[in-house]
Each structure stands twice: as structure tokens, then as C-alpha cells.
Amino acid sequence: MSDLFSHGEAGLEKGAVALQRYGHSLMGTFGVPMRMLTRGEGSYVWDADGNRYLDLLGGIAVNALGHGHPAWVEAIAHQAATLSHTSNFFATEPQIALAERLLDLAHAPSGSRVFFANSGTEANEAAIKMARKTGKGTIIALEGGFHGRSTGALALTHKEAYRAPFAPLIGDVVFVPPNDEQALAEAVSAAAGDLSAIVLEPIQGEAGVIPLSHAYLALARALTRRHEALLILDEVQTGVARTGAWFAHQLHGIQPDVMTLAKGLGGGFPVGAVIAFGEGPGSMLGKGEHGTTFGGNPLAAAAALATLRVIEDEDLIANVKTVGAHLRERLEAMDGVVEVRGEGLLLGIGLAAPQSAEIAQAAVASGFIVNPPSLDTLRLVPALTLTKAEADTFLTWLEGYLAAHPLTPDLEKGGES
Ligand SMILES: *Cc1c(COP(=O)(O)O)cnc(C)c1O
């Protein structure tokens, strides 16, 4: 290992010079990138200086098959050479096959329909337009919820720092705390007859992996039914086998009216989708009422079809369950870890102290990419192909790190023990 991490002077310069060029040519929206990466294979990536990392972030839950899966590469190359883009004045086989496959995996009833977009944000924009199309106003969304950064999706995104500079956003959005059944019921009552939709992530990803309870999701389903409003599930992060089911809502035995997908769907190729369940939602957006140039192009559809095919052929749902359970078991036994949240390979490691950023930094310096979505949470959203042995290398590193740097609980919050 040691030679992998001994940077030569010239090597160090390569990454550093690239990041300088980055700083002079790209907008500062993402801050300073951690490294410049040059290549990936399976669950590993390499930086410009030749260092290898175990990628437990997977491009933020995107690289479902890891990096460079041969079947995915072949499908994209083949489709690129055959027909890559046509505009939506024309139909293509990959687009139709992908829509059929998604409806099938989602157990969508007859009348259900799919709209393809290029990202999670865009999928959510389409869902917002469906909410508007009900003719009613109020949308209920959750504190901590994340749905994207366009002005529409941002209106449903809770974080004040993301919203404030761009106010006013579309109104009529009411935020309630997650998992508070009474607050949800009260917000629905307060909306009176004007509730158009409740928008939820089954597990809040960006908030730090906060799962919604079975009872809460069931209540959201019952209330939207009763008030003839849409239950819109944002499964952009939780969807496509990430949680050990094709879609997270399937773990709860409910069916939404609308589900949005993106991230893992293309396995690293940008593609988003909106699934509208049943006749009503399926026919809500008619001719001319929504559109996109790129959405559903055959290249993106072929990438998504290949991703879904490999997940099935390699039984990755079983792998997600096995490796996810293994990670959870070992993490829960570690000093400094107070809880492990999430499902499958969408895991939040709750730390005893708000030191996620420094641990993530130490991890990358040691060859592990993890992400700190909140001060006291590390998030793991690796490739669905991650092996137990790969997971173990990280677990052993983290165990060693936490033993050498014991976490001391935040004194300001403490006092109750
Ligand atoms: C990432 C994410 C989005 C935004 O998706 P983009 O592809 O970045 O536009 C929306 N909702 C959820 C739950 C997400 O995790």
C-alpha cells in the first residue's frame, strides 16, 4: 500500500496544478474539489497522482454498477454507434423498452405512464407541474428534504441557505418535520381543500440519511387518498435497488401516485424519470404541457436499460442486502458510532460527535471516499456491486481511526448522561 500513497513531487504537482486550472475556469458552486480523478474500475477510482481510493460515495449514489462495468460500457458504445439522439418527434426502441421495464419493476397498474428527463431536479420539476395540474395549491414537503436546485425544485427543498438568496420561490409550499404524524395531519387539515400534493423522500438522503417510518408513509398515503391529492415520492436517491428493493416504497407496501428517479438509474449516464401511477396521474400532462430535448434519448435509455439488466443478472439486490447488513453489523459495534440509519447500501453512520468532516478528510487521505452530509453523519452510498471484502477494508480503517481518535460527545448538547 505504502507506494500508492507516497506522492512524488512531480505527482503532487499534477493534481494541484489541475485544481488551480479548475479554480480559474469553473464557477465556485462546488467549492474546491477534493482530488482530480482520472479513472475508475469497479468500486475503485484513481487520482491524477496515481493514488487509489475505495469509492463509497459512488458519485453520490449514481455509479450503481461501479465504474466501467463492461456490459454498461458495451451497451452505451453500441447505442452510440447505432442511434444516439433523435428529438422527441421520433420514438426509439430503447426509450420504449425502458418505460415498459420501469412500469413493470414498479408494479404500476394499467394507465400508468413514464416521462423521461435528464436529472433528478428535472424529474421533480415535472412532478411539480403535475401537482399544479390538479388545480389545487398547497404542496406539503418535509423539513430536511432535498429535491434539487432549480427554482421549482428548490421551492420544495428545505435548507434555508440554498433558498434565501433566490427568494421569492413558488409559494404554497408548507414544510413539516419528518416522522411527526400529528404535524402532517394538521398541515393537511390547514390546507383544507387546497392540498395538491405531499412530496417525500422515503429516506432523506442529503439531510443525513433520515428514514421515514412505516406509519408515517402509510399516513401520507392515506391522507393524500382522502383529500384527492398526489403522493409524490422522490426516489431519486433511494430508487433503483439502492435500498434492497427496486424502489424504497416497496419496502412499505405502499404505491405512490408519482415517483421520480434519477441518480442510479443510468449507472453514471445522466437520466431521470417520472413514473405516474394509474390512469389519472398517467394522463395528467398532455400534449404540449411538458417537454425536453434530451430526455429519453436512446443513448441515455440504453445506459439505463443496461444498468437495470445488470442489477437483475448479477442479483445485485441480494448483494445490497448482504453487504448492507454486514456494514451495519460491524458499524453498530464500533465505539464512537451511536446508530446506523438507512437501508441496504444507503447508510448513515451516526457519530457520537460532530466530526464527520474531519473523518471524511482523514478517510480520503487513507484511500477511502465517504461523504459527510451532516455534522455528525457519514454517508455510504457505494456501488451496488461492492463486495464484503472491499467493505471490510473500510470498516477496519474506520475502527482503527475511531480507536486512535475517540469521539467525545458535544459538550453543549451533553449533560444528560
Ligand atoms: C440528488 C437528488 C435530487 C437532485 O437530483 P439532480 O440529478 O442533482 O438534479 C433530487 N432529489 C433527491 C432525493 C436527491 O437525492
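Just so you know, these numbers come straight off a predicted model, no measurement behind them.

What counts, and where the lines are drawn
Residues numbered from 1 in each chain as written. Predicted model: local features only at pLDDT ≥ 70, side-chain atom pairs only at ≥ 80, totals over all residues. Heavy atoms only, no water. pLDDT = per-residue confidence, 0-100. Contact = heavy atoms within 4.5 Å. Domains from an automatic or database assignment. Pairing = 2+ DSSP bridges. Helix = DSSP H or I, 4+ residues; strand = E, 2+ residues; numbered from the N terminus. Axes fitted to C-alpha atoms, helices over the stretch in contact; angles between N-to-C directions. Near = heavy atom within 4 Å. Polar contact = N/O pair within 3.5 Å; in protein donor to acceptor, adjacent residues only side chain to side chain. Areas by Shrake-Rupley, 256 points an atom, 1.4 Å probe, with all protein chains shown as cover. Nonpolar A, V, L, I, M, F, W, Y, C, P; charged D, E, K, R; others polar. Patch = residues over 30% accessible without salt bridge, like charges linked within 9 Å, V, L, I, M, F, W, Y side chains within 5 Å. Salt bridge = Lys/Arg side-chain N within 4 Å of Asp/Glu carboxyl O. Lys, Arg positive; Asp, Glu negative; His and termini not counted. Charge placed at Lys NZ, Arg CZ, Asp CG, Glu CD. 1 Å grid on protein atoms, 1.4 Å probe; cavity = no way out; pocket = protein on both sides within 12 Å on 5 of 7 lines; lining within 4 Å. Points joined across faces, edges and corners; volume = space filled by probe spheres on them. Buried < 20%, exposed > 50% of the residue type's maximum accessible area, 1.4 Å probe, protein only. Core = buried A, V, L, I, M, F, W, Y, C linked by side-chain atoms within 4.5 Å. Parallel < 35°, antiparallel > 145°, perpendicular 65-115°, else oblique. Left-handed = near helix turned anticlockwise from the far one by under 90°.

Chain-level pLDDT for the chain is 95 on average; 95% of the residues reach the 70-or-more range. Throughout residues 1–11 the model reports pLDDT below 50, and contacts reaching past four residues in sequence, or to other chains, amount to 12 contacts. In this model, residues 413–417 is a region of pLDDT below 50 whose contacts with residues beyond four sequence positions or in other chains number one contact.

By the assigned domains, the chain splits into domain 1 (1–33), domain 2 (35–63 + 315–413) and domain 3 (71–313). Computed from C-alpha atoms alone, the centre-to-centre distance between domain 1 and domain 2 is 22 Å.

A few words now on the sheet that holds strand β17 (residues 377–380). Across the sheet, which stays open at both edges, the four strands sit in the order β13-β14-β17-β16 with antiparallel pairing between neighbours. Taken across any chain shown, the strands that pair with only one partner, and hence form the sheet edges, are β13 (337–343) and β16 (371–374). The sheet shows a mean angle of 30° between the axes of neighbouring strands, taken without regard to direction.

Every residue lining the ligand is accounted for by S119, G120, T121, N124, F146, H147, E201, D234, V236, Q237 and K263. The contact in question runs from a nitrogen atom of the ligand to an N or O atom on the side chain of D234, over 2.7 Å. K263 is positioned with one of its side-chain polar atoms (N or O) 2.6 Å from an oxygen atom of the ligand. Across the complex, the protein chains shield 82% of the 380 Å² of accessible surface that the ligand would expose by itself. Broken down by element, the shell around the ligand gets its largest block of residues, three residues, from helix α6 (residues 120–133). Looking at the shell around the ligand, its residues break down into two nonpolar, six polar and three charged.

On the surface, a cluster of negative charge is contributed by E143, D180, E181 and E186. With respect to the helices and strands, the residue E186 is situated in helix α9 (residues 181–190).

So, about the sheet that holds strand β10 (residues 230–234). Strand order across the open sheet formed by seven strands is β4-β12-β11-β10-β7-β5-β6, with mixed pairing between neighbours. On the outer flanks of this sheet lie β4 (113–117) and β6 (173–176), each paired with one strand and no other. Between one strand axis and the next, the sheet turns through 20° on average, direction left out of account. Direction of pairing for β10 relative to strand β11 (residues 258–261): parallel, over a ladder of three bridges.

Quantified by volume, the second largest pocket comes out at close to 530 Å³. R113, V114, F115, F116 and L285 are the residues nearest the centre of the second largest pocket, which is lined by 23 residues in total. For the lining of the second largest pocket, the elements supplying multiple residues, two or more each, are α5 (93–105), β4, α6, β12 (272–276) and α11 (279–282). Grouping the amino acids of the lining of the second largest pocket by side-chain chemistry returns 12 nonpolar, 10 polar and one charged.

Bringing the side chain of T157 into the picture now. Assignment of secondary structure puts T157 in the loop between α7 (151–156) and α8 (160–163). Here the side chain of T157 touches H147 through a polar contact of 2.9 Å, landing on its backbone nitrogen. Here T157 is in contact with G145, F146, H147, G148, Y162, R163 and F175, once residues within four sequence places are set aside.

The subject of this paragraph is the pattern of salt bridges. Inspection of every chain in the model, using the stated rule, returns 11 salt bridges. As a salt-bridge pair, E289 and K133 come within 2.8 Å of each other at their nearest N and O atoms. With E289 in the loop between α11 and α12 (298–313) and K133 in helix α6, this pair connects stretches of sequence that are 156 residues apart. The class for E289 is partly exposed, based on a relative accessible area of 31%. For R221, the salt bridge is made with D257, and the minimal N-O distance between the two is 2.8 Å. Taken together, the residues R221 in helix α10 (residues 214–226) and D257 in the loop between β10 and β11 connect sequence positions 36 residues apart. The burial state of R221 is the same as that of D257; both residues are buried.

Let's shift gears to the nonpolar core. Ranked by internal contacts, the top residues of the largest apolar core, which has 69 residues, are L102, L327 and F394. It is α12 that provides the largest number of residues to this core, a total of nine residues. Looking at this core, you find at least three residues from each of domain 2 (35–63 + 315–413) and domain 3 (71–313). Ignoring any residue separated from it by four or fewer positions in sequence, one finds L327 in contact with L345, L347, L380, L386, A391 and L395. With 21 residues, the next largest nonpolar core counts A127, L156, A197 and A276 among its residues.

A word on the packing of α5 against α12. Two numbers describe how α5 lies on α12: the axes approach to 8 Å, and their chain directions differ by 40°. The orientation of α5 with respect to α12, classified from their angle, is oblique. In this structure, α5 crosses over α12, and the sense of that crossing is left-handed. Here α5 contributes P94, Q95, A97, L98, R101, L102 and L105 to the contact with α12, which in turn contributes P298, A301, A302, A304, L305, L308 and E312. For the contact of α5 with α12, the residue count by class is 11 nonpolar, one polar and two charged.

Attention shifts here to the packing of helix α13 (residues 316–332) against helix α15 (residues 388–404). With their axes 10 Å apart at the nearest point, α13 and α15 run at an angle of 15° to one another. The pairing of α13 with α15 is recorded here as roughly parallel in orientation. Judged by the sense of rotation from one axis to the other, the crossing of α13 with α15 is right-handed. Residues T322, V323, H326, L327, R330 and L331 of α13 form the contact with α15, whose own contacting residues are K388, A391, D392, L395, T396, L398 and E399. Residue composition of the contact of α13 with α15, by class: six nonpolar, three polar and four charged.

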